[in-house]
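Reading the structure
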Amino acid sequence: MPSGRKVTMMSRSAGNRKTFSFTGEGKDIPSIGKKREKGKIVASLEEAFRLAEVRDGMTISFHHHLRDGDLVVNMALDVLAGMGIRDLVLAPSALFPVHESLLRHVRSGVIRSIEGSVNGPVGRAASEGLFSSPVILRSHGGRVRAMQAGELHVDVAVLAAPAADAMGNLSGISGPSACGSLGYAFTDAQYADRVIAVTDNLVHYPAVPFSIPQTLVDWVVPVESIGVPEKIVSGTLRVTRDPLRLIIAEQVAKVVEESGLFTGGFSMQAGAGGISLAASACIRERMKAAGIRGSFISGGITGQSVEMLEEGLFESLLDVQSFDLEAVASLASNRGHAEMSASFYANTASKGCVVDMLDVAVLGATQVDTDFNVNVNTESDGVLLHGIGGHMDTAAGAAVTVVVTPLFRGRMPMVVDRVLTVTTPGETVDVVVTERGVAVNPRRKDLLENLRGKGIPLVEIGDLKKTAEEFTGIPKPPSFGEKIIGIVEYRDGTVIDTIRQRI
C-alpha cells in the first residue's frame, strides 16, 4: 500500500467514519481488490489506541495463548506509557515471566492494578507489596462470568492474532506465531468496548476458517512479530520419568478404572504437567485393554490427547488452549477436534458449560490440607506465583475430581493442616493421590466403596500429613503482614480467600 494512502473505516465507539493515513510500515498487506478501502488496518498500535480514545484509568485486557512467548502485552504497555497514559487496570487472562518488564510501568504509575492471573515475577512483586490494590484472581470460568455480569468492565481488548485479515477475522491455527485455540480471547472480543487485533500474519480476506469474527473487531494492527514460536508451544510435552511420580500416575489410573465411571462414553480432563501426562498415558492403556471408547477430552489439549483421538479412544477433543505443536496441527485438520470459548468451557453463569459434563478431572496442587482444600496460587513460602486456571471450575463440575501431588517437595510437606491459600474448596475434591497413599474425601462414601479391595493403598488424609512430616519435620510457617495483596474469587464471584503480603 503506498505511503499516505487514505483508508476509511467505521469506529464502533463513535459511530461515524474516520479517515487516517497508512504509512506503509510493517508487513506488506495482501490485496483484497477495490474493497481494501473498507478494511480496518491501522499503521501502529499508537494509532489504534488513539482511535479507541484510550484515557487514564481505563481497563485494558489481553489473552495468554502465546504464553511465555508473548510479545504483545509488553509492546502495548510500552506504547501506552509513551503516550503518557497512566493509572491503567490490566485484565489479562494470565501473565507469565516474559511480562516481568511490566513492573517498571507499575512503579512509574502507568499500571495501577491487575485483575487476572499472574505467574512468576509479577506475582512475586505483588507478594512484596508493589501494588497499591490487591490482584484479583479469577478462574477461567470466573473471568467470563465477571465480564458478563459487568463486574470486570474492559474498555479496550488487545488481541494477539496469529492470523488476521483486513476486516479483523482472527485465527490461531496458522502463521509464524500459531498457538492453536483462541478460547480465552473470545471473552475479550465479545465483552470489551473496543477490540484491537495485533498480527504478524495478515492474510487475504476472508481468513477462513476464523475463530473470532470481524463483527467483534474494531482495528487491525500489523507488526513484525507477536510471539517467539519456541516459547509459545513446545514440540512435545514430557511425561514424567521420576519413579515416585510414576507411582502417582499409576494410582490415578487405578482410581479412575475402579471409580464406576470407566465405561463407554467416559470423559476426562487432565493437565499438561508431567504427572498428569503420565496418568493419561496409564488411562490410555487401560482403555485399550478394556475396549472402552470415551466421549471427549476437554481443556488444554496436548499431543497425547490428539493421539488418543486418532486411535479412536475418544470421539472428540474440546480445546480451550492448545499446549503443543501436535495440538495446533490437529485443530487445523481433525474434524473431531473443536475449539471452544472459555464460557463454553467453564462459565457457571452460562446456559451450560463443558466442565459440568466431565466424568473425571485430574488436577495438580501446591498444597492440600486435611479438609481436602487445595492451594494452587501460593507456594509453601506464601509467595503468589500461580494463577487459578480452570482448577476450581473443573473440580466443581467433574463427577470425580482427583488431585495429584507428591507428598513433599524439597523439605516442604504438600499435605498440611491448613493450606496457605484456599483456591479450590475441599467439598469439590474427591480423591488425593500421592506416592505414599490415596485419600478419599469422607463425603464420597460411594467412591470409597468402589475403591476398597481393588489394590489401591487407601489411607486417611491425616495419615498422609503425618507421613509427610516424618520426612520433612514441621516447617516454620511463613510470616505475613496486614496488607492484602491478592483476592481469590470463587467461580460465582464470592471471595473464597485473601493473600497477605509476605514479610
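Residues numbered from 1 in each chain as written. Predicted model: local features only at pLDDT ≥ 70, side-chain atom pairs only at ≥ 80, totals over all residues. Heavy atoms only, no water.

**Thoughts on the overall build of the protein**
Definition in use: Helix and strand assignments follow DSSP, with helices taken as H or I runs no shorter than four residues and strands as E runs no shorter than two, numbered in order from the N terminus. Only the C-alpha atoms count toward the radius of gyration. The rule for a globule is 2.2 Å times the residue count to the power 0.38. Note on exposure labels: buried denotes an accessible area under 20% of the residue type's maximum, exposed denotes more than 50%, and partly exposed covers the range between, all computed with a 1.4 Å probe on protein chains only. The contact criterion used is simple: two residues touch if any of their non-hydrogen atoms lie within 4.5 Å. For accessible areas, the Shrake-Rupley method is used with a probe of radius 1.4 Å. Any residue's cover is judged against the shown protein chains and nothing else. In this count, Lys and Arg are taken as positive residues and Asp and Glu as negative ones, while His and the chain termini are left out. Charge coordinates come from a single atom per side chain, which is NZ of Lys, CZ of Arg, CG of Asp or CD of Glu.
Looking only at helices and strands, the protein features 15 helices and 28 strands. A compact globule built from 503 residues would reach a C-alpha radius of gyration of about 23 Å, and the protein, at 23 Å, matches this within 12%. C-alpha atoms of the protein, sized along the principal axes, occupy 75 × 55 × 40 Å. Here the protein, with 503 residues, has 58% of them falling under the buried criterion. Taking the contacts inside the protein whose residues are at least 6 apart along the sequence as the reference set, 70% of them involve residues at least 24 apart. Surface accessibility of the protein: about 19100 Å² in total, with carbon and sulfur atoms responsible for 51%. With 50 positive and 57 negative side-chain charges, the protein shows a spacing of 3 Å between the two charge centroids.

**Focus: the packing of aromatic side chains**
To keep it simple, the criterion reads: We call Phe, Tyr and Trp rings a pair once their centres come within 6.5 Å, taking the six-membered ring for Trp, and we label the pair stacked below 30 degrees between planes, edge-to-face above 60, and tilted otherwise.
Counted according to the given criterion, the structure contains three aromatic pairs. Taken together, the ring pairs connect Phe262, Phe266 and Phe314 into an aromatic cluster.

**Considering the packing of helix H8 (residues 243-257) against helix H9 (residues 274-290)**
Cut-off, in case you're wondering: Angles shown run from 0 to 180 degrees and are taken between the N-to-C directions of axes, each axis being a line fitted to C-alpha atoms and, for helices, limited to the stretch in contact. Geometric relationships in this document are graded by angle, where less than 35 degrees denotes roughly parallel, more than 145 denotes roughly antiparallel, 65 to 115 denotes roughly perpendicular, and other angles denote oblique. By definition, any crossing whose near helix is turned counterclockwise from its far helix by less than a right angle is left-handed, and any crossing with a clockwise turn is right-handed. By the convention adopted, Pro, Cys, Tyr, Trp, Phe, Met, Ile, Leu, Val and Ala count as nonpolar, Lys, Arg, Asp and Glu as charged, and the other residues, Gly among them, as polar.
One can describe the packing of H8 onto H9 by two numbers: an axis separation of 8 Å at closest approach and a directional angle of 45°. As far as their axial angle goes, H9 and H8 are oblique. For the element pair H8 and H9, the recorded crossing hand is right-handed. Contact residues: H8 offers Arg245, Leu246, Ile248, Ala249, Glu250, Val252, Ala253, Lys254, Val256 and Glu257, while H9 offers Ile275, Ala278, Ala279, Cys282, Ile283 and Arg286. Among the residues making up the contact of H8 with H9, the classes are represented as eleven nonpolar, no polar and five charged.

**Here we look at the sheet that holds strand S19 (residues 367-369)**
We apply this condition: Two strands are counted as paired when DSSP detects at least two bridges linking them.
Across the sheet, which stays open at both edges, the three strands sit in the order S20-S19-S24 with mixed pairing between neighbours. Each end of this open sheet is capped by a strand with a single partner; those strands are strand S20 (374-375) and strand S24 (415-416). Bridge analysis of S19 against S24 gives two bridges, and the strand direction is parallel. The partner of Val368 across the bridge, within S24, is Val415.

**Some words on unusual backbone geometry**
Here the residue pair Tyr205 and Pro206 is connected by a cis peptide bond, since its omega of -5° sits within 30 degrees of zero. The residue Pro206 is located in the loop between strand S12 (194-199) and strand S13 (219-222) in this model. In this chain, Val208 is followed by Pro209 through a cis amide linkage whose omega measures 0°. Residue placement: Pro209 occurs in the loop between S12 and S13. For Arg67, which is not a glycine, the phi torsion comes out positive at approximately 45°. Since its relative accessible area comes to 10%, Arg67 is described here as buried. You will see that Phe372, though not glycine, has its phi angle at about 70°, which is positive. Residue Phe372 is classed as buried on the basis of its relative accessible area, which comes to 3%.

**Observations concerning the pattern of salt bridges**
Operational definition: One side-chain nitrogen of Lys or Arg within 4 Å of one carboxyl oxygen of Asp or Glu is enough to make a salt bridge.
Per the stated rule, a full pass over the model turns up 25 salt bridges. Across the pair Arg112 and Asp87 runs a salt bridge whose closest N-O atoms are separated by 3.1 Å. Here Arg112 is found in strand S6 (residues 111-114), whereas its partner Asp87 is found in the loop between helix H2 (72-82) and strand S4 (88-92), with 25 residues between them in sequence. A relative accessible area of 33% means that Asp87 is categorised as partly exposed. Between Arg293 and Glu315 there is a salt bridge, with its nearest N and O atoms 3.8 Å apart. With Arg293 in the loop between H9 and strand S15 (294-301) and Glu315 in strand S16 (residues 314-322), the pair connects residues that are 22 residues apart, well separated along the chain. You can call Arg293 partly exposed: its relative accessible area is 42%. Among the charged side chains, a salt-bridge network with shared partners connects Glu115, Arg138, Arg145, Glu151 and Glu489.

**So, the sheet that holds S13**
Read across the open sheet, the six strands follow the order S6-S4-S3-S9-S12-S13; overall the sheet is parallel. On the outer flanks of this sheet lie S6 and S13, each paired with one strand and no other. Along the sheet, successive strands turn relative to each other by an average axial angle of 25°, direction set aside. Of the strands in this sheet, strand S3 (59-62), S4, S6, strand S9 (156-161) and S12 are in contact with H2, which crosses S3 at around 155°.

**Considerations on the side chain of Asp70**
Within the secondary structure, Asp70 sits in the loop between S3 and H2. Of the buried charged residues, Asp70 lacks a salt bridge, with Arg67 as the closest side chain of opposite charge at 11 Å. When near neighbours in sequence (up to four residues on either side) are disregarded, Asp70 contacts Val98, His99 and Ile226.

**Structural notes on helix H11 (residues 325-333)**
Rule in force here: To be clear, the arc concerns the directions from the helix axis to the C-beta atoms.
When we look at burial in H11, the residues that qualify are Ala327, Val328, Ser330 and Leu331. For H11, the angular spread of buried residues about the axis comes to 165°, placing them on one side. If you follow the buried residues of H11, they end up packed against S15, helix H10 (303-310), S16 and strand S17 (337-339).

**Remarks on the environment of Arg502**
What counts here: Whenever two N or O atoms come within 3.5 Å, that pair is a polar contact, provided that in protein one can donate a hydrogen and the other can accept it, and provided that, for residues adjacent in sequence, both atoms are side-chain atoms.
Positionally, Arg502 belongs in strand S28 (residues 495-502). A relative accessible area of 28% places Arg502 in the partly exposed class. Of the polar contacts made by the side chain of Arg502, one reaches the backbone oxygen of Asp381; its length is 2.4 Å.

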